[in-house]
Amino acid sequence: MTATIIDGRAVSETMRTKMRSRVESLGLRGVRPGLAVILVGEDAASQVYVRNKAKACGDVGMHSEVFRYDQSTAEALVLAKIAELNNDPRIHGILVQLPLPAHIDNKKVLEAISPDKDVDGFHVHNVGSLVTGESDFPPCTPHGVMALLDHYGIPIEGCNAVVIGRSNIVGKPMALMLLARSATVTICTSKTRDLSLFTKTADIVVAAVGKPGLVTADMIKEGAAVIDVGMNRLPSGKLAGDVDFENVREKAGYITPVPGGVGPMTITMLLANTLKAAELAAEAALQERASA
Ligand code: GUN
């Protein structure tokens, strides 16, 4: 079997086209969705991600503002900016790019963001909502994976799904989202003793560890959907995922390439969450006026 290549760029573009008309509808009501991005430090990858996020906002007609701080910036300054943005009616989504410098407390910063502007879905309020299955803002990367599975009509209910990776950004929320759709979910980690014991019977494998070549063809069931969230820079400068793409594609039913698979979806889901935050805010303002 040769796998269908899941085209994240094409699915992203289809979703963005739909979003543009929702942005226009909001515009008719005098609302322009706005995203604020906070970047602390000079991490090269983060600089690229933040630039791409701001560009994507413009691409669908949304407003964006980027606030850049030096590596040595005091935590209090970042917290003060978040407080200001929480009260800014032009801003519907706030994102603090991770990783933060070591002297800044991640948890304190993420929890300073108002949960109704937490478009990354990292605030404990939204993490809790994800556990109970009713989150407004699912974290962008696993949200994007779910959108890809649905776009290609890959069945989730009742399937065996293996998530490799247990991060707060991808692995854990990914497992919860698959579970919410009644998959039988196994979470493996980079320390799992015999990964193939679990992956061999999986209908869906999501690899999110950051180890190039971790998932090989012998570990995959014929016809499985293999989703690669890995983003590794090889010594050659080439970008590679966690999956041995060339060999796994000969056995899988569906596979995501790196780049061009999950990557483009992450930003698109950030736009989707920001748009949703703006729509919810507009709705709340309407209700408030009606009851005044
Ligand atoms: N760093 C790597 N991925 C992410 C993400 O999804 N959101 C934020 N804020 N930072 C990240």
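Since this is a predicted model, take the numbers as computed values, not measurements. Residue positions are counted from 1 within each chain, in the order its sequence is given. Local features in a predicted model are, by the rule used here, given only for residues with pLDDT of at least 70; side-chain atom pairs are given and counted only at 80 or more, and totals for whole chains, interfaces and linings are based on all residues. The basis for the side-chain values is all heavy atoms of the structure; hydrogens and waters are excluded.

Novice: Got a minute to help me understand the site of the ligand in this structure?
Specialist: Near the ligand you find Leu95, Val96, Gln97, Leu98, Asp120 and Phe122, and these make up its full shell. Under the rule applied, a polar contact is a pair of N or O atoms within 3.5 Å (in protein, one hydrogen donor and one hydrogen acceptor; residues adjacent in sequence only if both atoms are side-chain atoms). In the environment of the ligand, a nitrogen atom lies 3.0 Å from a nitrogen or oxygen atom belonging to the backbone of leucine 98. At 2.6 Å, a side-chain N or O of aspartate 120 approaches a nitrogen atom of the ligand. For the ligand, whose free accessible area comes to 280 Å², the fraction covered by protein is 82%. Three residue categories are used. Nonpolar comprises Ala, Val, Leu, Ile, Met, Phe, Trp, Tyr, Cys and Pro, charged comprises Asp, Glu, Lys and Arg, and polar comprises the others, including Gly. Class assignment for the residues of the shell around the ligand results in four nonpolar, one polar and one charged. We call a residue near a molecule or strand when any one of its heavy atoms sits within 4 Å of it. Using a 1.4 Å probe, accessible areas were evaluated by the Shrake-Rupley method; residue-level cover was limited to the displayed protein chains.

Novice: Before we go on, may I ask you to explain the sheet that holds strand E4 (residues 93-96) in this structure?
Specialist: The criterion for strand pairing is that DSSP finds at least two bridges linking the strands in question. Going along the chain from the N terminus, every DSSP run of H or I of four or more residues is numbered as a helix, and every run of E of two or more is numbered as a strand. Pairing within the open sheet is parallel, and its three strands lie in the order E3-E2-E4. The open sheet has two edge strands with one neighbour each: strand E3 (63-69) and E4. Here the strands of the sheet are splayed against their neighbours by 15 degrees on average, with no regard to which way each runs. When strand E2 (residues 34-40) meets E4, the two strands line up parallel, connected through four bridges. Axis angles are defined between N-to-C directions and span 0 to 180 degrees, where every axis is a line fitted to C-alpha atoms and, for a helix, only to the segment in contact.

Novice: What should I look at first to understand the packing of aromatic side chains in this one?
Specialist: Aromatic rings in a pair are described by how distant their centres are and how their planes are angled relative to each other. Whether two aromatic rings pair depends on their centres lying within 6.5 Å, for rings of Phe, Tyr and Trp, where Trp uses its six-membered ring; planes under 30 degrees apart make the pair stacked, over 60 edge-to-face, and the rest tilted. Tallying each qualifying case throughout the model produces one aromatic pair. A ring pair is formed by tyrosine 152 and tyrosine 254, whose centres lie 6.3 Å apart and whose planes are at 70 degrees; its orientation type is edge-to-face. You can see tyrosine 152 sitting in the loop between helix H6 (140-151) and strand E5 (160-164) and its partner tyrosine 254 sitting in strand E11 (residues 254-255), a full 102 residues away along the chain.

Novice: Looking at this structure, how should I read the sheet that holds E11?
Specialist: Strand pairs in the sheet, formed through backbone hydrogen bonds, run parallel or antiparallel to each other. Read from one edge of the open sheet, six strands run E1-E11-E8-E7-E5-E6, paired in parallel fashion. Edge strands, defined here as strands with exactly one partner in the open sheet, are strand E1 (4-5) and strand E6 (184-188). Bridge analysis of strand E8 (residues 225-228) against E11 gives two bridges, and the strand direction is parallel. From the neighbouring strand, alanine 225 faces E11, where its bridge partner is tyrosine 254.

Novice: Before we go on, may I ask you to explain the pattern of salt bridges in this structure?
Specialist: Two side chains carrying opposite charge are able to pair once their charged atoms lie near each other. One speaks of a salt bridge when a side-chain nitrogen belonging to Lys or Arg is within 4 Å of a carboxyl oxygen belonging to Asp or Glu. For the coordinates displayed, the defined rule picks out 14 salt bridges. Here arginine 16 and aspartate 59 are joined by a salt bridge, their closest N and O atoms 3.2 Å apart. With arginine 16 in helix H1 (residues 8-28) and aspartate 59 in helix H2 (residues 44-59), this pair connects stretches of sequence that are 43 residues apart. When salt bridges with common partners are traced through the structure, they connect Glu13, Arg16, Arg20 and Asp59 into a single cluster.

Novice: In this structure, what is going on with H6? I would like to understand it.
Specialist: The periodicity of an α-helix, 3.6 residues per turn, causes residues three or four places apart in sequence to face the same way. Here H6 spans 16 Å end to end across 12 residues, near enough to the 16 Å set by a 1.5 Å rise per residue. Buried means the residue's accessible area, taken with a 1.4 Å probe over protein chains only, is under 20% of the maximum for its type, while exposed means over 50%, and partly exposed covers the values in between. Along H6, the positions that sit buried rather than exposed are Cys140, Thr141, Pro142, Gly144, Val145, Met146, Ala147, Leu148 and Leu149. Glycine 153, located one to two residues past H6, shows a positive phi value of around 65 degrees. Helix span is expected to be 1.5 Å times the residue number reduced by one.

Novice: Can you walk me through the environment of leucine 275 in this structure?
Specialist: If you trace the backbone, leucine 275 turns up in helix H10 (residues 262-290). With a relative accessible area of 0%, leucine 275 lands in the buried category. Residues leucine 275 and proline 173, spaced 102 residues apart in sequence, show a C-alpha to C-alpha distance of 21 Å. If we skip the residues at most four places from it in the chain, leucine 275 touches Met19, Arg22, Val23, Leu26, Pro33 and Met62. We call two residues in contact when some of their heavy atoms are within 4.5 Å.

Novice: Please clarify how the packing of H1 against H10 should be interpreted in this entry.
Specialist: When two helices pack together, their arrangement is given by the angle between their axes and by how far apart the axes lie. Packing of H1 against H10 leaves a shortest axis separation of 10 Å and a crossing angle of 20 degrees. Viewed along their axes, H1 and H10 adopt a mutual orientation that is roughly parallel. Relative to H10, H1 is oriented so that their crossing is left-handed. Side by side, H1 and H10 meet where Gly8, Arg9, Val11, Ser12, Met15, Arg16, Met19, Arg22, Val23 and Leu26 of the first sit next to Pro264, Met265, Ile267, Thr268, Met269, Leu271, Ala272, Leu275, Lys276, Ala278, Glu279 and Ala282 of the second. Looking at the contact of H1 with H10 residue by residue, the classes come out as 14 nonpolar, three polar and five charged. What sets the label is the angle itself: under 35 degrees gives roughly parallel, over 145 gives roughly antiparallel, 65 to 115 gives roughly perpendicular, and the rest give oblique. Helix crossings fall into two classes, left-handed where the near helix is turned counterclockwise from the far one by less than a right angle and right-handed where it is turned clockwise.

Novice: Whenever I open this one, the side chain of lysine 53 confuses me. Can you help?
Specialist: By secondary structure assignment, the location of lysine 53 is in helix H2. One buried charged residue, lysine 53, remains without a salt bridge, the closest side chain of opposite sign being aspartate 120 at 5.5 Å. Sequence-distant contacts of lysine 53, defined by excluding residues within four places in its chain, comprise Leu95, Gln97, Ile267 and Leu270. For the charge count, each Lys or Arg is scored as positive and each Asp or Glu as negative, with His and the chain ends excluded.

Novice: Which parts of the structure should I look at to understand the nonpolar core?
Specialist: Taken as a class, soluble globular proteins show a tendency for nonpolar side chains to be buried jointly. Only buried residues count toward a nonpolar core. Its members are Ala, Val, Leu, Ile, Met, Phe, Trp, Tyr and Cys residues joined through side-chain atoms within 4.5 Å. By size, the foremost hydrophobic cluster in this structure holds 52 residues, and its most contacted members are Val145, Leu149, Leu178 and Ile204. It is H10 that contributes the most residues to this core, 11 residues altogether. Counting residues in each nonpolar core, the second largest holds 19 residues, with Ile164, Cys188, Leu195 and Val243 among its members.

Novice: Explain a positive patch on the surface here, please?
Specialist: On the surface, a cluster of positive charge is made up of Arg166, Lys172, Lys191 and Lys211. Tracing the backbone shows lysine 172 in helix H7 (residues 171-180). By relative accessible area, which is 39% here, lysine 172 ends up partly exposed. The patch calculation keeps residues exceeding 30% relative accessible area without a salt bridge and links them within 9 Å when they carry like charges or within 5 Å when they are nonpolar (Val, Leu, Ile, Met, Phe, Trp, Tyr). Every charge is mapped to an atom, namely NZ of Lys, CZ of Arg, CG of Asp or CD of Glu.

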